[in-house]
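# A closer look at the structure
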Amino acid sequence: MFPRSFEYFAPTSIEDALALLAEHGEDAKVLAGGQSLIPLMKLRFAAPDYIVDINRIQGLDYLEEQDGSLRIGALVRTSDMERSELIASRYPAMAAAAPLISDPVVRNLGTVVGSLCHADPQGDWASVMLAMGAELVCRSATGERRVAIGDLIDGPFTTTLEPNEIATEVHVPDPGAHSFGTYLKLERKVGDFASVGVAVHLALDGDRVERAGIALTAVGAGNIKAKEAEDALAGAVLDDATIDRAASLAAEAADPKTDLRGSADYKREIVRVFVTRALSQAATAKAA
Amino acid sequence: MAVEEKEIEWLGKSVKRKEDDRFVRGAGNYVDDVVLPNMLHMAILRSPFAHARLTSIDTSAAEALDGVVAVVTGALLAEHNLAWMPTLSGDTQAVLATDKVRFQGQEVACVVAENPYIAHDALELIEVEYDPLPVIVDPKKSLDDDAPVIRNDKEGQKDNRIYHWEAGDKEATDRAFEGADVVVSLDTHYPRSHPAPLECCACIADVNPGTGKTTIYMTSQAPHAIRTVFAMVTGLPEQNIQIISPDIGGGFGNKVPVYPGYVVATAASLLIGQPVKWTEDRSGNLASTGFARDFHMHGELALDRDGKMLGLRVGMLSDQGYAYADAQPSKFKAGLFHIVTGSYDMPAAHVVTDGAYTNKAPGGVAYRCSFRVTEASFLIERLVQNAAYEMDMEPAELRRKNFIRPEQFPYTSVTGFIYDSGDYEKALDLALEKSGYNELRAEQKRMRDEGKLLGIGLASFTEVVGAGPSRDYDILGIKMFDSAELRVHPTGKAILKLGVKSQGQGHETTFAQIVASELGIPPDDVTVQEGDTDNTPYGLGTYASRSTPTGGAATAVVARKLREKAKEIAAHTLEVAPEDLEWKGDHFFVKGAPDQSTTIQEVAFAAYTNHPQGMEAGLEGVTYYDPPNMTYPFGTYVVAVEVDAKTGEWKVRTVVAVDDCGIRINPMIVEGQIMGGLTEGFAMSSMQQIAFDEEGNCLGSNFMDYLLPTAWETPHFELHETVTPSPHHPMGCKGVGESATVGSPAAYANAVVDALLHLGVRNIDMPMTSAKVWEAMQQGRQAQDQ
């Protein structure tokens, strides 16, 4: 690959990294897994003057529960999520999504936080995090703030992250004692971006859905939170009529474009089919 | 002396590939591995527009960049009469644009610099002004009267038609259709795909001002033909041009043509006096080099009420891009597409073909395919399947009823091919048996009752490979023979030099086995050399499944010649008459006295130390083999797929492939070739397409958009064989490298259509994406509701 020339920094502390960003701001890019940034630089679609590689900063790879919520550090790779017993036992939507993201080589390097910051409308992690109600912890030299994933995404490949900020952590609220979750993805081959993706997270209280999170991938300018479908499920029992209604509302929330992957109608129908499948699976799991 | 028992039968043995040792160790030697002293690096600036007038190019900023040695434009090349070059189909193609750009990705300028980073930086400093012109992406509209003429550079070219070419007998075919009980028709587009070899194009041009010698390292499937073309284009004396094609990371037809990068690098090296390397990137490869297929096809099949085929009518429009730039036997404008009657005893056929220019990359290379037999095989096998549905016949039985029967070979087809040998029913029966075809049909019925979709597809293909007999086959006038030179050294080891060129096919093993089989020198003692034009005999290269039919035959013939001479020498050393000797695997012995014998190694030593008076010393020879006919491999493939009725996704459950390529030299290598072809057939049927939008933007110029299947989705393949030797090949072999790419796409397509039969679906164009399958189901359901 022949990118434009750039200056490379590999700070060993988050403070040093933040100082570099404070100095170079918009001319700098943070390098974590590099699975989105490096291809863009290869094609010269991105040509940052400064690269701040955070891989040598110790202690950013934590994946743990603390005070009832999950913290995913900025250097947690998708393959870490794929192999984590904690994720497998408590966060089924994440466990379902992780192995569907790209291919093993990309998963070994690509990070969850990096995927969120890249804000690709076809990115899988953002839908999962939207469904789970996650927040991103953003640090700068002067402070720290939390941004809900829905507020982070500002359009295709655009976020509200400031040039002097590093996203250090994803913070995921308690999924509930009884929960269901899954991620369904239509792709053309292994390693492909989503043609359509659907993330579903349900906090359950006996027969009833206490809280529902549904988010959609690749059917709009950003990942879409299917608010009306979520509302239709809140407090409801998962019978066929409820499932149909929620699935239709989710399909209505989608705003897909016709392309080589399929027509807008097709993609909207896939959203409906996937939400139906996910909720039916939840209903069956609950019954069993 | 007595001969100890050892291995003497090398034919049909799965010898491990000799070349793999260096490949698995990462010790291969590809063009990009070659580094020469003072070597410069070249990068190409490509057009963002599909059709535009070139109004100005300003290279001053690029030239001023530190480390840039030269910026080459079309205007500079034009001064040396090098702005245009001939294609292997007798058309012309721009080396660098001078007047217009005619496709997105066309080469506009090249930077030569001290390193590739600087070269790429300089590309961004070249300022080009374009004046956009109307873009033609649809070959049908391209032939409209008012369509803008894309090739206005060509004198006398008043429209966008490249050729109109017909085969067969129109009147006889019309009569056949008049008398038909049933006529089935099909319109289908075989989409534009790309061979996408793992290694993209690359060359190093080294024009040495001191010696006058031009050495070009190039990843080429046809180095000798390239040398001749270079001599003709540049005017350099051919004896001063050496093409070295080292290890090649896949070709699939993509590395037969000459590309602009090769010509510019050579011109730059000539002007600068230093070696110039050009290594293409993936986007450049996909967007600008030889694509494949892109045939818009119409077929009509006439049958009587019993299902006997009466006639075939075919119309084909080829989207060639802006230049007719495939390698083509010059006699056949649409390649060998007119073999479209396939495996069937067709009483009449008429084939009408047209080629059209569009604002797309040039090419039309036969991607793992013998000159367009892939598209032909796809059309007839799809038509026959649909005819069976129309007549409510079992597709296997309709095929059986119409196969060319074994006793009809050699069979002369109505479009002019002489099929050498075949036993189609045997291959069909084996495929049906091994796939459990009848059980699959029963299961299909059961599943459909449960609302689940299982589809079963068949294809009984026949190929025509091994170009070719000199009476019919030439490229730019050069006849399509091929050659082998065999030298046996005094110690009984040998070197075999060939005019063909492996790109992964395993020549170093297969051809060594031929020598071993014919001359008794074990494969490990035979070095196979290819790809260096100074050190191998002339040949047309490796594509169109031609290496074993031509180069392999030449190897057998030259080995037999040497065996004849060896017999004379053996008679001399054993002090008997040659006619008293018999040959057994690797030694001669005296008839009736097997103890009196001499090995080929002993004979080889004698050829240099104790040869008979009056005989020339040495044991070597060269053969140019002009095949008497093409070879016609065939087979039947059965594919079963399950289709998701809600999403249109489909998964392959079964692939049973029965191939008959005559005698197999190395069964392991043959099976590897078949699996590769079945994978590529799966890719074409399910996911691959180089698409364009209305502005001519290429939508398939990277591996995010142009999809290659991984091991994950690639089906499991079950392989079987029948053996019907070629009667004219010295070893009974036929070519096989492309059989599965040719035969399998129709089997996959037939399977998916078969799953949706009850919805009235009769066609889904490839690639059969889940979206297209869903649309077809939707239309079928809506039609049934009405």
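Given the structure is predicted, the values throughout are model-derived calculations rather than measurements. (Residues numbered from 1 in each chain as written. Chains lettered and ligands numbered in written order. Predicted model: local features only at pLDDT ≥ 70, side-chain atom pairs only at ≥ 80, totals over all residues. Heavy atoms only, no water.)

## Things to note about the overall build of chain B
Helix and strand counts for chain B come out as 19 helices and 33 strands. In terms of C-alpha radius of gyration, chain B reaches 28 Å, essentially the compact-globule figure of 28 Å for 786 residues. In terms of overall dimensions, chain B has a C-alpha envelope of 90 × 75 × 50 Å along the principal axes. For chain B, the share of sequence-separated contacts (at least 6 apart) that also reach a separation of at least 24 residues comes to 80%. Carbon and sulfur atoms provide 50% of the accessible area of chain B, an area that totals close to 27,600 Å². Across chain B, 68 positive and 109 negative side-chain charges occur, with their mean positions spaced 3 Å apart. (Helix = DSSP H or I, 4+ residues; strand = E, 2+ residues; numbered from the N terminus. Rg over C-alpha atoms; globule rule 2.2 N^0.38 Å. Contact = heavy atoms within 4.5 Å. Areas by Shrake-Rupley, 256 points an atom, 1.4 Å probe, with all protein chains shown as cover. Lys, Arg positive; Asp, Glu negative; His and termini not counted. Charge placed at Lys NZ, Arg CZ, Asp CG, Glu CD.)

## What to know about the overall build of chain A
Secondary structure assignment for chain A yields 12 helices and 14 strands. With the C-alpha coordinates of chain A rotated into their principal frame, the extents come out at 60 × 45 × 30 Å. When burial is assessed residue by residue, chain A has 53% of its 288 residues classed as buried. Counting contacts in chain A only where the partners sit at least 6 residues apart, residues at least 24 apart contribute 62% of the total. Element-wise, carbon and sulfur atoms account for 48% of the exposed surface of chain A, whose accessible area totals about 12,100 Å². Across chain A, the centroid of the 28 positively charged side chains sits 5 Å from that of the 42 negatively charged ones. (Buried < 20%, exposed > 50% of the residue type's maximum accessible area, 1.4 Å probe, protein only.)

## Points about the sheet that holds strand S8 (residues 127-132) of chain B
Residues and elements named next belong to chain B. Spatially, 3 strands are ordered S6-S2-S8 in an open sheet, and the strand pairing comes out antiparallel. Whereas interior strands pair on both sides, the edge strands pair on one side only; in this sheet they are strand S6 (100-101) and S8. Where strand S2 (residues 52-58) lies against S6, 2 bridges are found, and the strand directions are antiparallel. Looking at S6, one finds that Ala-52 is bridged to Val-101. (Pairing = 2+ DSSP bridges.)

## So, the packing of helix H17 (residues 667-686) of chain B against helix H18 (residues 739-755) of chain B
Residue and element names in this part refer to chain B. One way to put it is that H17 packs onto H18 with a least axis distance of 8 Å and a crossing angle of 45 degrees. The angle between H17 and H18 places the two elements in the oblique class. In this structure, H17 meets H18 at a crossing whose hand is right-handed. Residues Ile-674, Gly-677, Leu-678, Glu-680, Gly-681, Phe-682, Met-684 and Ser-685 of H17 form the contact with H18, whose participating residues are Ala-740, Thr-741, Ser-744, Pro-745 and Tyr-748. (Axes fitted to C-alpha atoms, helices over the stretch in contact; angles between N-to-C directions. Parallel < 35°, antiparallel > 145°, perpendicular 65-115°, else oblique. Left-handed = near helix turned anticlockwise from the far one by under 90°.)

## Observations regarding the sheet that holds strand S5 (residues 69-73) of chain A
Residues and elements named next belong to chain A. Read from one edge to the other, the open sheet built from 5 strands follows the order S4-S5-S10-S6-S7, with strand pairing classed as antiparallel. Whereas interior strands pair on both sides, the edge strands pair on one side only; in this sheet they are strand S4 (63-66) and strand S7 (143-148). Averaged over all adjacent pairs, the angle separating strand axes in this sheet is 25 degrees, with direction ignored. Here strand S6 (residues 135-140) pairs with S7 via 6 bridges, running antiparallel. Bridge pairing in S7 links Leu-136 to Val-147. Here helix H1 (residues 14-24) sits on the sheet in contact with S6 and strand S10 (166-172), set at roughly 120 degrees to S10.

## Focus: the packing of aromatic side chains
Residues and elements named next belong to chain B. What the rule picks out here adds up to 26 aromatic pairs over all chains. Between Tyr-344 and Phe-403, the ring centres sit 5.8 Å apart and the planes meet at 15 degrees, which makes this aromatic pair stacked. Here Tyr-344, found in the loop between strand S16 (309-319) and strand S17 (349-356), pairs with Phe-403, found in the loop between helix H11 (395-402) and strand S19 (411-412); they are 59 residues apart in sequence, far enough to count as distant. Grouping aromatic residues by their ring pairs yields a cluster made of Tyr-344, Phe-403, Phe-409, Tyr-424 and Phe-634. The side chain of Arg-192 reaches across the aromatic face of Phe-291, ending 3.3 Å from its centre. Its guanidinium or amino end placed over the ring of Tyr-543, Arg-546 lies 5.6 Å from that ring's centre, counting from NZ or CZ. (Phe/Tyr/Trp six-rings, centres within 6.5 Å; stacked < 30°, edge-to-face > 60°. Lys NZ or Arg CZ within 6 Å of the ring centre and 35° of its normal.)

## Some details on the domain arrangement of chain A
Quite often, the size of an interface is put as the accessible area lost when its parts meet. Residue and element names in this part refer to chain A. You can read the domains of chain A as domain 1 (7-52), domain 2 (63-172) and domain 3 (179-287). Relative placement of domain 2 and domain 3: their C-alpha centres are 20 Å apart. Each side of the interface is counted separately: domain 2 has 23 residues, and domain 3 has 27 residues. Taken together, the two surfaces of domain 2 and domain 3 that pack against each other cover about 1,900 Å², and 58% of this comes from carbon and sulfur. For the interface between domain 2 and domain 3, the tally reads 1 salt bridge. Two residues, Lys-185 and Asp-124, come together in a salt bridge whose shortest N-O distance is 3.0 Å. Elements with a contribution of two residues or more to the side of domain 2 that touches domain 3: helix H5 (92-97), helix H8 (124-132) and strand S8 (153-155). With 7 residues, H8 is the largest single contributor of residues to the side of domain 2 that touches domain 3. In terms of residue class, the side of domain 2 that touches domain 3 is made up of 14 nonpolar, 5 polar and 4 charged. (Domains from an automatic or database assignment. Buried area = accessible area lost by both parts, 1.4 Å probe. Salt bridge = Lys/Arg side-chain N within 4 Å of Asp/Glu carboxyl O. Nonpolar A, V, L, I, M, F, W, Y, C, P; charged D, E, K, R; others polar.)

## Some words on the side chain of His51(B)
Its place among the elements puts His51(B) in the loop between strand S1 (40-46) and S2. One polar contact links His51(B) to Lys100(B), side chain to side chain, over a distance of 2.9 Å. (Polar contact = N/O pair within 3.5 Å; in protein donor to acceptor, adjacent residues only side chain to side chain.)

## Some words on helix H8 (residues 260-272) of chain B
Residue and element names in this part refer to chain B. If you check H8, its first and last C-alpha atoms are 18 Å apart, about what 13 residues at 1.5 Å a residue would give, namely 18 Å. Counting buried positions along H8 yields 10 of 13 residues, so the element is predominantly enclosed. Within the span of H8, buried status applies to Pro-260, Gly-261, Tyr-262, Val-263, Val-264, Ala-265, Thr-266, Ala-267, Ala-268 and Ser-269. Once H8 ends, the next one or two residues include Gly-273, with phi positive near 85 degrees. (Expected span 1.5 Å × (residues − 1).)

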